[in-house]
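# Observations on the three-dimensional arrangement
Residues per chain are reported as follows:
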Amino acid sequence: MCGFLAEFSFEDQPLIALDDFKSVLALSKHRGPDDTGIYNSNTFRLGFNRLAILDVSKNGNQPKLSPSKRYAMVFNGEIYNYSHLAETYKLENLKSTSDTEVIIHLLDLLGVEDTIRTLNGMFAITIVDTHTNRCFLARDFAGIKPLFYGLTQEGIVSASQFDQVYKHPWFKNKRQLRADIVKEYFGFGYMQAPNTIYENIFQVNPGELLQVDVSGSLSKKQLVAFENNQEKPISKTDDDLEYTIKDAVKRQLVSDVSVATFLSGGVDSPLISAYAKQAKPDIEAFTLKVDDPKLNESEVAKNYAKALELKQFVVSVDNSEILKSINSHFHAYPEPFGDYSSIPTFVITREAKKRHTVMLSGDGGDELFFGYPRMRDVLNKQLWFKIPFHLRKFLAKVTNTLGITKTWAPYFKTLDDFITNKHLYLPQVILDDIFHETSFSIEMKTLYQFKNASRKELVQQLRKNEFYAHLQRVLIKVDRASMKHSLEVRVPFLDKETILKSWELTSDLKHKTDLKKPLKNLLKKEVSESLINQKKMGFSVPLYQWLHNELKTDVKIHVFDTPFYGADIMNVDVLRQYVDDFFNRKHDNSWGVWHIYAWQKWASVHA
């Protein structure tokens, strides 16, 4: 797990000064504190900050050249099938035991595209082909690892962090905000790939390979789209899924440094911890205990640890300590980010790093295995949207008045609008007032387009949306928080084979018990069903209380007394009025207020 910076010039344009390059590279030093390396060429430059996980010797350092010297590469992440690939392709003369070594040998043997297709892991890669003068960018198939890039007349810059691109000398004096993406941030709380809030700066999509040549000509290819796998025969038993997840956990336990698991009171992390225990009996489970009884899951996690005979380390953190971490937590997010569960995530990853360098998490379970109640709600209301809008509104008014129904769903013009609203944390009407005559980007609109088909077909569409939208916000949260502390977090549910297997499963979610049923069935084999059915409290903080009390002064300073970043593309009066209404208790949307506050905090720290 590391951080890198690369620049590739077009048509013999000069590279930036080496000292400037080193300064921008240093922005990601926390992602890789163990070594820094730079490779210089006349037309490109690669820089790398290393967090040593596999082959911690200098043999694992980067940047690296392929044996033929044709390819130069920087690579952030972990490849879990690297040993299998080395054996399958009979690779010889490997100079290290790292996964990076396997990739550079495969490049000579297979070329870029076929090499990327063979990989199972989490990765962001920049490769320069010195024979054809092309630069390639590739990102893992779930979007676990970040990969930003910027295009200008001088060339292309790629990096692990957003700020490494917009602070690069080719871009820092040319920054121009995109109103549509800023609007998306205020609504959804993050930047959805492939876009960013700045013109000409982008993100590589999950599973995408990007190619650019010295003329600046750029092409993209989607190498993997997991949702296409749903056309395969449906798995009839839990045994196949159990084997697949266990195999993924076993692969992801391979490390030359200490590995542990996160353990909460839900379903996902206990299942991962159970399988990790079976593969590595001495593994430790790590749990955060908070002093708010409404948010504390540590007692349930302790029961899981006892049932699974896991060695468990519980770290207690009170609210005052979490509050003290908020300002430093904003430094971990080089892009605007509005999910306030990033605060406890920042704290638990900081504490975990004191004991370990690699952690396994249960992220991805909800998105892949039908875990969100909002999916059921959409399915249960989809028939409303088969009725013409005006008739639908009239019928809803009647049935709501008679107490037959109690829903606002029919008042949304389309099913797309209804589903989108479930993911927005500022109301659409407020967003439209803030950004006059500005709609969401084409890419975001496409992500929230649905066919009102059969129940089973719609649930697959919803799962695709959760995977490529909401899950991306979760992954941003965990990656930035953990890597600020130089901690690698691995995600077994997002192993390539696990994702492929999950897409073979389907459900109509007719019953509440169908939510995450495949994983619950597996966990029943490991612990008592009564333990599984305990209510999950969520990984959160008492935000409403904090905004009205401990954080109120700072919110007012940044929202009312500080000029708004990007004020020329938005109606600041509407934003400030929304926050003022919150303090006057005219609404209770603390999450939406946090989006506004977080934007200003990001600007004060990073912009």
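Here we summarise the structure given alongside this text.

Cut-off values and rules
- Residues numbered from 1 in each chain as written.
- Predicted model: local features only at pLDDT ≥ 70, side-chain atom pairs only at ≥ 80, totals over all residues.
- Heavy atoms only, no water.
- Helix = DSSP H or I, 4+ residues; strand = E, 2+ residues; numbered from the N terminus.
- Rg over C-alpha atoms; globule rule 2.2 N^0.38 Å.
- Buried < 20%, exposed > 50% of the residue type's maximum accessible area, 1.4 Å probe, protein only.
- Contact = heavy atoms within 4.5 Å.
- Areas by Shrake-Rupley, 256 points an atom, 1.4 Å probe, with all protein chains shown as cover.
- Lys, Arg positive; Asp, Glu negative; His and termini not counted.
- Charge placed at Lys NZ, Arg CZ, Asp CG, Glu CD.
- Core = buried A, V, L, I, M, F, W, Y, C linked by side-chain atoms within 4.5 Å.
- Salt bridge = Lys/Arg side-chain N within 4 Å of Asp/Glu carboxyl O.
- Pairing = 2+ DSSP bridges.
- Axes fitted to C-alpha atoms, helices over the stretch in contact; angles between N-to-C directions.
- Phe/Tyr/Trp six-rings, centres within 6.5 Å; stacked < 30°, edge-to-face > 60°.
- Lys NZ or Arg CZ within 6 Å of the ring centre and 35° of its normal.
- Patch = residues over 30% accessible without salt bridge, like charges linked within 9 Å, V, L, I, M, F, W, Y side chains within 5 Å.
- Arc of directions from axis to C-beta.
- Parallel < 35°, antiparallel > 145°, perpendicular 65-115°, else oblique.
- Left-handed = near helix turned anticlockwise from the far one by under 90°.
- Nonpolar A, V, L, I, M, F, W, Y, C, P; charged D, E, K, R; others polar.

## Focus on the overall build of the chain
Within the chain, the regular secondary structure consists of 26 helices and 17 strands. The C-alpha radius of gyration computed for the chain amounts to 24 Å, which stays within 12% of the reference 25 Å derived for 607 residues, consistent with globular compactness. Once the C-alpha set of the chain is aligned to its principal axes, its extents read approximately 75 × 60 × 50 Å. Looking at the 607 residues of the chain, the share that counts as buried comes to 61%. Pairs at least 24 apart in sequence give 74% of the contacts found in the chain among residues at least 6 apart. A total of about 24000 Å² of accessible surface is found on the chain, and carbon and sulfur atoms cover 49% of it. Positive and negative side-chain charges of the chain, numbering 78 and 75 respectively, have mean locations separated by a distance of 4 Å.

## Some points on the nonpolar core
Ranked by size, the top nonpolar core spans 180 residues in total, and within it Phe186, Ile197, Ile245, Leu494, Met570, Trp594 and Trp599 carry the most contacts. Ranked by residue count, the leading element in this core is helix H19 (residues 455-484), at 13 residues. Excluding residues that lie within four positions of it along the chain, Leu494 makes contacts with Ala142, Ile144, Asp363, Gly364, Leu368, Phe467, Leu471, Leu475 and Ile499. In this structure, Phe44, Phe48, Val74 and Val212 belong to the second largest nonpolar core, which totals 21 residues.

## Quick notes on the pattern of salt bridges
Tallying each qualifying case throughout the model produces 34 salt bridges. Of the charged contacts in the structure, one is a salt bridge between Glu504 and Lys501, with a shortest N-O distance of 3.3 Å. No difference in accessibility class separates Glu504 from Lys501, as the two residues are buried. Members of the salt-bridge network, linked through shared partners, are Arg31, Lys145, Glu335, Asp479 and Arg480.

## Some thoughts on the sheet that holds strand E3 (residues 44-50)
What holds strands together in a sheet is hydrogen bonding between their backbones, with the strands either parallel or antiparallel. Judged by pairing direction, the sheet is antiparallel, and its six strands sit side by side in the order E2-E3-E1-E9-E8-E10 without closing on themselves. Because the sheet does not close on itself, it has two edges, and the strands there are strand E2 (35-40) and strand E10 (201-203). On average, each strand axis in the sheet is inclined to that of its neighbour by 10°, with strand direction left out of account. As paired elements, strand E8 (residues 148-151) and E10 share three bridges and run antiparallel to each other. Following the sheet pairing, Phe148 is matched in E10 by Gln203.

## Observations concerning the sheet that holds strand E15 (residues 311-317)
Taken in spatial order, the five strands of this open sheet run E15-E14-E13-E16-E17, and their pairing is parallel. Two strands close off the open sheet at either side, each with one partner strand: E15 and strand E17 (488-490). Averaged over neighbouring strand pairs, the angle between their axes works out to 30° when direction is ignored.

## A short note on the pairing of strand E7 (residues 134-139)
Most of E7 sits inside the fold, with five of its six residues counted as buried. The hairpin formed by strand E6 (residues 121-129) and E7 contains four residues between the paired strands, and Asn133 there has a positive phi angle of roughly 55°. One ladder, built from five bridges, connects E7 with strand E11 (residues 208-213); its direction is antiparallel. Note that in E11 the partner of Arg134 across the bridge is Asp213.

## Some words on the packing of aromatic side chains
For any two aromatic rings, the description comes down to two numbers: the centre-to-centre distance and the angle of the planes. What the rule picks out here adds up to 33 aromatic pairs. Seen from their ring centres, Tyr185 and Phe186 are 5.2 Å apart, and the 70° between their planes marks the pair as edge-to-face. Considering the side-chain rings of Trp599 and Trp602, the 5.5 Å spacing of their centres and the 45° angle between planes classify their relative orientation as tilted. Of this pair, Trp599 and Trp602 are both found in helix H26 (residues 590-605), three residues apart, which corresponds to roughly one turn of the helix. On the basis of relative accessible area, Trp602 is assigned to the buried category, the value being 1%. Here a set of aromatic residues connected by ring pairs shows up, and it is made of Phe148, Phe162, Tyr166, Tyr185, Phe186, Tyr198, Phe435, Tyr565, Trp599 and Trp602. A cation over an aromatic ring shows up here: Lys183 above the ring of Phe440, its NZ or CZ 5.4 Å from the ring centre. Here the guanidinium or amino end of Arg374 rests over the ring plane of Tyr372, the centre of that ring lying 4.1 Å away.

## Some details on a nonpolar patch on the surface
On the surface, Leu391, Phe394, Leu395, Val398, Leu402 and Ile404 cluster together into a nonpolar patch covering about 580 Å² of accessible area. Mapped onto the fold, Ile404 is located in the loop between helix H15 (389-401) and helix H16 (415-421). A relative accessible area of 61% means that Ile404 is categorised as exposed.

## Overview of the environment of Met570
Within the secondary structure, Met570 is located in the loop between helix H24 (552-560) and helix H25 (572-583). Looking at Met570, the relative accessible area reads 8%, which means it is buried. With 134 residues separating them along the chain, Met570 and His436 place their C-alpha atoms 7.6 Å apart. Each residue touching Met570, except ones within four places of it in the same chain, is listed here: Val182, Phe186, Ile434, Phe435, Phe564, Tyr565, Leu575 and Trp599.

## What to know about helix H9 (residues 298-308)
Every buried residue belonging to H9 is among Ser298, Val300, Ala301, Tyr304, Ala305 and Leu308, and all of these are buried. An end-on view of H9 places all buried positions within 155° of arc, on one side of the element. Structurally, H9 contributes buried residues whose contacts are with helix H8 (268-279), strand E14 (284-290), E15, helix H21 (517-524) and helix H22 (529-532). Directly after H9, the chain includes Glu309, whose backbone phi takes a positive value near 55°.

## Thoughts on the packing of H25 against H26
What describes two packed helices is the angle between their axes and the distance between those same axes. Between H25 and H26, the least distance of the axes is 10 Å, while the angle of their chain directions is 135°. Viewed along their axes, H25 and H26 adopt a mutual orientation that is oblique. Classified by chirality, the crossing of H26 by H25 is left-handed. Between H25 and H26, the contacting residues are Leu575, Tyr578, Val579 and Phe582 on the first element and Ser590, Val593 and Ile596 on the second. Taken together, the residues of the contact of H25 with H26 sort by class into six nonpolar, one polar and no charged.

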